[in-house]
Amino acid sequence: MSEALLAAQAPEAPASGASGARQFWRRLRTQRAALVAAGVVALLVLVALAAPLLTALEGQDPTTYHPSLVDSARGGVPIGSFGGVSGDHWLGVEPQTGRDLFARLVYGARVSLGVALAATTVQVVLGVVVGVTAALGNRWVDQLLSRVTDIIVAMPLIIMALALLAVVPAGFPRPVLVSLIIGFVAWGTIGKISRAATLSLKNLDYVAAARLSGWSTWRIARRELLPGLAAPVITYAALMVPANISIEASLSFLGVGVKPPTPSWGQMLTSADIWYQAAPQYLLLPAGALFVTVLALTVLGDGIRTALDPRSASRLRVGTGRKQETKAAGATETAKAATAKETSS
């Protein structure tokens with residue numbers, strides 16, 4: 001997406017906090033798919049936060065081995081129906097080790113969601129700081145930071161992450177390391193968005209008035225520009241979270257992400273690739289959790305983008321208030337016809 005297009009999508013002026021929040025909520029409520037996705041995301045976050053409580057209710061933990069629950073003569077296949085599902089193990093047990101799948105799944109949600117949110121926070125902070133500094137700086141600062149941003153955007157994320165993860169000492173906490181690497185390697189796009197939006201906003205009348213009043217550049221950025229950047233930044237950040245979940249799962253699947261015994265959905269998929277026939281639930285459970293999470297966050301991100309920028313239509317046409325959109329379009333056409341009729345008469 002070009003910087004000109006990004007600048008054209010920037011808001012004209014920041015709305016007041018209360019009225020802006022009411023308008024956002026009113027627009028979001030017309031999108032049923034986004035509301036359902038928000039409910040799914042809230043449930044996933046609740047499950048991740050309540051993982052210790054849920055596993056305590058089950059009476060299990062994610063690291064304890066249960067060798068008596070797997071058939072060593074068959075290579076470690078879980079004993080019993082549906083992968084060893086029972087009152088003690090709600091979703092069955094892991095092949096070979098006998099570790100509880102429910103416990104590993106809910107604790108894996110903590111890792112996957114935590115890494116994605118932390119990486120997104122790093123990306124937003126770096127991207128906004130670099131983008132705003134480039135837009136408000138002189139020509140040399142803008143050129144330097146813009147070229148750095150171009151280099152970051154051109155970097156292959158997975159390859160860079162693999163290289164950096166390979167040289168970091170094994171004792172460094174892996175979830176923190178993965179979050180930092182994703183954040184520091186993938187902030188370029190949001191940096192471009194921030195720069196383009198700032199270039200558009202700083203030419204508006206209210207920013208010029210603040211400059212003529214003698215405000216410092218920092219005060220103008222903090223009081224006038226950052227509120228105007230909220231819509232495009234929040235929109236893109238909401239879409240970055242599912243992408244970061246997929247990146248964390250890919251790195252764990254490749255064996256360079258979160259290390260055992262810490263559970264992760266990507267790590268579970270890595271171990272499950274040879275068990276898809278003997279114990280299919282071991283593959284389907286983490287894959288299904290990843291699919292539902294990424295889908296819900298993507299739909300929610302699209303809903304937030306549409307609610308924050310009503311000029312852009314939703315890319316997901318299911319449950320986005322088509323009746324309301326059609327009604328609004330009809331009212332607009334009627335008003336135009338009435339105006340044309342008055343003009344001609």
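Residue indices begin from 1 for each chain and proceed along its sequence in written order. Local features in a predicted model are, by the rule used here, given only for residues with pLDDT of at least 70; side-chain atom pairs are given and counted only at 80 or more, and totals for whole chains, interfaces and linings are based on all residues. In computing side-chain properties, one takes all heavy atoms of the structure into account and sets aside hydrogens as well as water.

### Re the overall build of the protein
Part 1 of the reasoning: Comment: elements are numbered from the N terminus, with helices defined as DSSP H or I runs of at least four residues and strands as E runs of at least two. Across its full length, the protein holds 14 helices and 2 strands.
Part 2 of the reasoning: Throughout, exposure labels follow a simple rule: accessible area from a 1.4 Å probe, protein chains only, divided by the maximum for the residue type, with under 20% read as buried, over 50% as exposed, and the rest as partly exposed. Looking at the protein residue by residue over its 345 residues, the buried ones come to 42%.
Part 3 of the reasoning: The contact rule is simple, with two residues in contact once any of their heavy atoms fall within 4.5 Å. Restricting the contact set of the protein to residue pairs at least 6 apart, pairs at least 24 apart contribute 72%.
Part 4 of the reasoning: Surface accessibility of the protein: about 17800 Å² in total, with carbon and sulfur atoms responsible for 67%. Each accessible area value is a Shrake-Rupley result obtained with a 1.4 Å probe; residue values ignore everything except the protein chains displayed when judging cover.

### Quick look at the confidence of the model for the protein
Part 1 of the reasoning: pLDDT runs from 0 to 100 and stands for how confident the predictor is about each residue. On average, residues of the protein carry a pLDDT of 81, and 83% of them reach 70 or more.
Part 2 of the reasoning: Note on residues 1-13: pLDDT under 50 across the span, and 26 contacts to partners over four residues away in sequence or across chains.
Part 3 of the reasoning: Note that residues 318-322 has pLDDT below 50 and, in this model, 12 contacts with residues that lie over four places away or in other chains.

### Examining the environment of Ser-252
Part 1 of the reasoning: For Ser-252, the position within the fold is in helix H11 (residues 217-253).
Part 2 of the reasoning: The spacing of Ser-252 and Thr-270 is 18 residues in sequence and 7.3 Å in space, taken between C-alpha atoms.
Part 3 of the reasoning: Setting aside anything within four residues of it in sequence, one finds Ser-252 in contact with Gly-257, Val-258, Ser-264, Gly-266, Gln-267 and Thr-270.
Part 4 of the reasoning: Only 3.4 Å separates the side chain of Ser-252 from the backbone nitrogen of Val-258, close enough to count as a polar contact. As used in this structure description, the phrase polar contact means that two N or O atoms lie within 3.5 Å; if the pair is within protein, one of them must be able to donate a hydrogen and the other to accept it, and residues adjacent in sequence are counted only when both atoms belong to side chains.

### Brief notes about the pattern of salt bridges
Part 1 of the reasoning: Only one rule defines a salt bridge in this text: a Lys or Arg side-chain nitrogen within 4 Å of an Asp or Glu carboxyl oxygen. All chains considered together, the criterion is met by 5 salt bridges.
Part 2 of the reasoning: Across the salt bridge formed by Arg-104 and Glu-94, the nearest N and O atoms sit 3.5 Å from each other. On the criterion of sequence distance, the pair formed by Arg-104 in helix H5 (residues 101-136) and Glu-94 in the loop between strand E2 (77-78) and H5 is long-range, its members being 10 residues apart.
Part 3 of the reasoning: Across the salt bridge formed by Asp-150 and Arg-147, the nearest N and O atoms sit 2.9 Å from each other. Of this pair, Asp-150 and Arg-147 both sit in helix H6 (residues 139-154), 3 residues apart, which is roughly one turn of the helix.

### Structural notes on the packing of aromatic side chains
To describe a pair of aromatic rings, you give the distance between the ring centres and the angle between the ring planes.
Part 1 of the reasoning: Aromatic rings from Phe, Tyr and Trp, with only the six-membered ring used for Trp, were paired whenever their centres fell within 6.5 Å, and each pair was classed as stacked if the ring planes differed by under 30 degrees, edge-to-face if by over 60, and tilted otherwise. This structure, assessed with the given rule, holds 1 aromatic pair.
Part 2 of the reasoning: Their ring planes at 55° and their centres at 5.0 Å tell us that Trp-90 and Phe-102 sit as a pair that is tilted. Of this pair, Trp-90 sits in the loop between E2 and H5 while Phe-102 is found in helix H5, placing the two residues 12 residues apart along the sequence.
Part 3 of the reasoning: What makes Phe-102 buried here is its relative accessible area of 13%.
Part 4 of the reasoning: Counting as a charge over the ring demands two things of the Lys NZ or Arg CZ atom: a distance within 6 Å of the ring centre and an angle within 35 degrees of the ring normal. A cation over a ring is seen here: Arg-139 above Trp-140, with NZ or CZ 4.7 Å from the ring centre.
Part 5 of the reasoning: For the cation-ring pair, Arg-219 lies above Trp-215, with the distance from its terminal atom to the ring centre recorded as 4.1 Å.

### Quick look at the packing of H5 against helix H8 (residues 174-185)
Part 1 of the reasoning: Axis definition: a line fit to C-alpha positions, over the contact stretch in the case of helices; interaxial angles, taken between N-to-C directions, run 0 to 180 degrees. In contact at an axis separation of 8 Å, H5 and H8 are set at 35° when each is read in the N-to-C sense. Here H5 and H8 pass one another in a crossing that is right-handed. In this structure, H5 contributes Gly-114, Val-115, Ala-118, Ala-119, Val-122, Gln-123 and Leu-126 to the contact, and H8 contributes Pro-175, Val-178, Ser-179, Leu-180, Ile-182, Gly-183 and Phe-184.
Part 2 of the reasoning: Polar here means any residue outside two lists: the nonpolar Ala, Val, Leu, Ile, Met, Phe, Trp, Tyr, Cys and Pro, and the charged Asp, Glu, Lys and Arg; Gly therefore counts as polar. Grouping the amino acids of the contact of H5 with H8 by side-chain chemistry returns 10 nonpolar, 4 polar and no charged. Crossings are assigned a handedness: left-handed for a near helix turned anticlockwise from the far helix by less than a right angle, right-handed for a clockwise turn.

### What about a nonpolar patch on the surface?
Part 1 of the reasoning: Note on patches: the residues involved have over 30% relative accessible area and no salt bridge, like charges join within 9 Å, and the nonpolar side chains Val, Leu, Ile, Met, Phe, Trp and Tyr join within 5 Å. Taken together, Phe-172, Val-176, Leu-180 and Phe-184 make up a surface patch of nonpolar side chains, about 340 Å² in accessible area.
Part 2 of the reasoning: As for its placement among the helices and strands, Phe-172 is situated in the loop between helix H7 (157-167) and H8.
Part 3 of the reasoning: Accessibility expressed as a relative area gives 36% for Phe-172, which makes it partly exposed.

### Notes on the environment of Lys-202
Part 1 of the reasoning: Its location among the elements puts Lys-202 in the loop between helix H9 (188-201) and helix H10 (205-212).
Part 2 of the reasoning: Among the residues examined, Lys-202 registers a relative accessible area of 22% and is labelled partly exposed.
Part 3 of the reasoning: Discounting residues that sit within four places of it in the chain, Lys-202 has contacts with Ala-135, Leu-136, Val-207, Arg-211 and Leu-225.
Part 4 of the reasoning: Of note is the side chain of Lys-202, whose polar atom sits 2.8 Å from the backbone oxygen of Ala-135.

### With respect to the side chain of His-89
Part 1 of the reasoning: Along the chain, His-89 falls in the loop between E2 and H5.
Part 2 of the reasoning: Side chain to side chain, His-89 and Asp-100 meet in a polar contact 2.8 Å long.
Part 3 of the reasoning: Not counting the four nearest positions on each side in its chain, His-89 is found in contact with Glu-58, Gln-60, His-66, Leu-69, Gly-84 and Asp-100.

### Some points on the packing of H5 against H6
Part 1 of the reasoning: At a closest axis distance of 7 Å, the pairing of H5 and H6 adopts a crossing angle of 145°. Judged by the twist between their axes, the crossing of H5 over H6 is left-handed. Counting all contacts with H5, which are made through Val-130, Thr-133 and Ala-134, the residues of H6 involved are Val-141, Asp-142, Leu-145 and Thr-149.

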